[in-house]
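Architecture and fold: a report
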Amino acid sequence: MKIAIVSPDKIRLSGIGQLLQAGTHLLLPSVGGAADLAPLAARAQPDLLLVDGCADAAGLAAIAAITASEPHIAVVLLCAACSPEFLINAMRAGVREVLPALPAPAELEAALARIGAKLRGAQPHSEGKVLAFIACKGGSGATFLATSLACQLAQTRSVLLVDLNLQFGDALAFVHDGRPASTLADVAHAIARLDASFLAASAVRVTPNFSILAAPDDHAQAVEISAAHIDAVLALAVRHYDYVVLDIGRPVSTLGIRALDRAYRIYPVLQAGLTSIRNAKKMLAIFKSLDYGPDKIELIVNRFERQGPIGVAEIEGALGKFAMHTVANSYRLVTQAIDHGEPLLAGGRANPVLHGVAALAESLMTGAPAAGGAAAKMPAGLLARLFGRLSGRHSGESHVLP
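The structure reproduced in this document is the subject of the present report. If you're wondering where the values come from, they're calculated on a predicted model, not measured in any experiment.

**Some words on the overall build of the chain**
Looking only at helices and strands, the chain features 17 helices and 13 strands. Here the chain holds 402 residues, and 50% of them are scored as buried. Counting only contacts in the chain whose residues sit at least 6 apart along the sequence, the fraction spanning at least 24 positions is 76%. When the accessible area of the chain is evaluated, it comes to approximately 18,600 Å², of which 54% is carbon and sulfur surface.

**Points about the sheet that holds strand β5 (residues 97–100)**
Sheet architecture is open: 5 strands sit in the order β2-β1-β3-β4-β5, paired in parallel fashion. The sheet is open, and its two borders are formed by β2 (26–31) and β5, each paired with just one other strand. Averaged over neighbouring strand pairs, the angle between their axes works out to 20 degrees when direction is ignored. For strand β1 (residues 2–7) and strand β3 (residues 48–52), the ladder comprises 4 bridges, and the chain directions are parallel. From the neighbouring strand, Val6 faces β3, where its bridge partner is Val51. Running over the sheet, helix α1 (residues 10–20) touches β1, β2, β3 and β4 (74–79) and is turned about 155 degrees from β1.

**Side note on the packing of helix α6 (residues 142–153) against helix α16 (residues 352–366)**
What describes two packed helices is the angle between their axes and the distance between those same axes. Two elements in contact, α6 and α16, have axes whose closest approach is 9 Å; the angle formed by their N-to-C orientations is 60 degrees. Where α6 crosses over α16, the handedness of that crossing is right-handed. In this structure, α6 contributes Phe144, Leu145, Ser148, Leu149, Gln152 and Leu153 to the contact, and α16 contributes Val353, Leu354, Val357, Ala358, Leu360, Ala361, Leu364 and Met365.

**Thoughts on the packing of aromatic side chains**
The tally for this structure, following the rule as stated, stands at 2 aromatic pairs. Both rings, one in Phe287 and one in Tyr292, keep their centres 5.8 Å apart while their planes meet at 45 degrees; by these two values the pair is tilted. The exposure class assigned to Phe287 is buried, which follows from its relative accessible area of 0%. Positioned above the aromatic ring of Tyr264, the side-chain terminus of Arg265 is 4.3 Å from the ring centre. The ring of Tyr292 carries Lys296 above its face, with NZ or CZ at 4.4 Å from the centroid.

**Brief notes about the pattern of salt bridges**
Tallied over the full model, the rule gives 5 salt bridges. The salt bridge involving Asp231 is made with Arg262; its shortest N-O contact spans 3.3 Å. Of this pair, Asp231 sits in helix α11 (residues 227–237) while Arg262 sits in the loop between α12 (254–261) and β11 (265–270), placing them 31 residues apart in sequence. You can call Arg262 partly exposed: its relative accessible area is 36%. For Glu298, the salt bridge is made with Arg265, and the minimal N-O distance between the two is 3.0 Å. Within this pair, whereas Glu298 is found in strand β12 (residues 298–304), its partner Arg265 is found in strand β11, the two being separated by 33 residues in sequence. Linked through salt bridges whose partners overlap, the residues forming this network are Asp231, Arg258 and Arg262.

**Structural notes on the side chain of Lys296**
Here Lys296 is to be found in the loop between α13 (274–289) and β12. Among the polar contacts listed, one links the side chain of Lys296 to the backbone oxygen of Asp261, at a separation of 3.3 Å. Within the structure, Lys296 has its side chain in polar contact with the backbone oxygen of Ala263 (distance 3.4 Å). Each residue touching Lys296, except ones within four places of it in the same chain, is listed here: Leu260, Asp261, Ala263, Tyr264, Arg265 and Ile266.

**Observations regarding helix α4 (residues 84–93)**
Residues Phe86, Ala90 and Ala93 constitute the buried set of α4. Along the long axis of α4, the arc covered by the buried residues comes to 60 degrees, so they all point the same way. Seen from the open side of α4, the exposed residues pointing more than 90 degrees away from its buried face are Pro84, Glu85, Met91 and Arg92. Buried residues belonging to α4 abut α3 (57–69), β4 and β5.

**Observations regarding the environment of Ala280**
Following the sequence through the fold, Ala280 ends up in helix α13. Overall, the relative accessible area of 1% leaves Ala280 in the buried class. Taking C-alpha positions, Ala280 is 8.6 Å from Ala135, a pair spaced 145 residues apart along the chain. Excluding anything up to four places from it in sequence, Ala280 contacts Cys136, Leu270 and Leu319.

**A short note on the sheet that holds strand β13 (residues 323–328)**
What the 8 strands build is an open sheet, ordered β8-β9-β7-β10-β6-β11-β12-β13; its pairing is mixed. A single partner strand is all that each edge strand has here, and the edge strands are β8 (204–207) and β13. In this sheet, adjacent strand axes meet at a mean angle of 25 degrees when their direction is disregarded.

**What about the side chain of Glu70?**
Within the fold, Glu70 resides in the loop between α3 and β4. Among buried Asp, Glu, Lys and Arg side chains, Glu70 stands out as unpaired, with Lys2 the closest opposite charge at 11 Å. A polar atom in the side chain of Glu70 sits 3.3 Å from the side chain of Gln45. Not counting residues within four places of it along the chain, the set of residues in contact with Glu70 comprises Ala42 and Gln45.

**Let's talk about the packing of helix α2 (residues 34–44) against α3**
Between α2 and α3, the shortest axis-to-axis distance is 8 Å and the interhelical angle comes to 15 degrees. One finds that α2 runs roughly parallel with respect to α3. The crossing of α2 and α3 is right-handed. Of the residues in α3, those in contact with Ala34, Leu37, Ala38 and Ala41 of α2 are Ala58, Gly59, Ala62, Ile63 and Ile66. In the contact of α2 with α3, the residues fall into 8 nonpolar, 1 polar and no charged.

Thresholds applied
- Residues numbered from 1 in each chain as written.
- Predicted model: local features only at pLDDT ≥ 70, side-chain atom pairs only at ≥ 80, totals over all residues.
- Heavy atoms only, no water.
- Helix = DSSP H or I, 4+ residues; strand = E, 2+ residues; numbered from the N terminus.
- Buried < 20%, exposed > 50% of the residue type's maximum accessible area, 1.4 Å probe, protein only.
- Contact = heavy atoms within 4.5 Å.
- Areas by Shrake-Rupley, 256 points an atom, 1.4 Å probe, with all protein chains shown as cover.
- Pairing = 2+ DSSP bridges.
- Axes fitted to C-alpha atoms, helices over the stretch in contact; angles between N-to-C directions.
- Left-handed = near helix turned anticlockwise from the far one by under 90°.
- Phe/Tyr/Trp six-rings, centres within 6.5 Å; stacked < 30°, edge-to-face > 60°.
- Lys NZ or Arg CZ within 6 Å of the ring centre and 35° of its normal.
- Salt bridge = Lys/Arg side-chain N within 4 Å of Asp/Glu carboxyl O.
- Polar contact = N/O pair within 3.5 Å; in protein donor to acceptor, adjacent residues only side chain to side chain.
- Arc of directions from axis to C-beta.
- Lys, Arg positive; Asp, Glu negative; His and termini not counted.
- Parallel < 35°, antiparallel > 145°, perpendicular 65-115°, else oblique.
- Nonpolar A, V, L, I, M, F, W, Y, C, P; charged D, E, K, R; others polar.

The following block contains the structure:
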């Protein structure tokens, strides 16, 4: 993209240029102010005019004249402090985006990616849905369910799975037997290059509609990934994929929260055991403190035995009235699929686990309510056992969710 950069400060002009040097852009830096914008736009005919400063009436008037006479030129304004009134006036002047005076490289490149897609005449892609899987307890099967749902959705939709279990992520190994050429750490390291083609090239293509952006290979790379990097990747991904599936590691971290904030649905994965339910209760309390409403959360009870001692009604009684999915226990078939590094789909539709995953996919694509039994009266002994261990009875408070 051809970018003309204008700033009244030579040092700031150089700094802005350095933020963009890693990209594949043609940069035209120029020291100047509001009076210089129109002549530069007419002479250089850039795709994008990146304006530093000019956050006054004269600057907005000059920008309005450019957007009226050169509508093909996109204008992005860098501004230190912006009032709501200023943002409205900037929008009226034709400014595409207003960014902080010192934007993070990922934030700047994400904005340029959005504008680049529009300038290329790309058809608008309805924003994809972010689906976040998180295990309430180690070994719950969150990664397996995330990869299986992604494969199921990819039968008719485009799907990108991003492995955010940065230290121990192995989502790729569940459906593919090769090693990734690039990982999320590589994308973060070259975040200034981030666009749709770079993202696609960095992911492993499992099926024609399903790709995985793998977790880093080692801890040293993982610590270099920031929340801003995740923001940029997800902001771009939802514009190019119908579904973006996240496999989020435990515990709930600042980086994980940033990803969860973007989620359309959060799927805590648990099993019908007291330890798993207790952890699920703690996780739901964290989500409540983050203002995630019940409509954003759907529980998945994995390896569920319908004749087991703890059923759907008991789990609802312990955790509250959340939408709930159950996935049957089929340990041998699931383990075989994982060991072979192949999607569950390859195991045949007779697998009862596949029916549960297909039902979850259908609920997403059709908007149908999740399966789950209505709460029923529990046996007194089990009720006492569940709530005696799950609630904070030493504080004298009840923690049963409404």
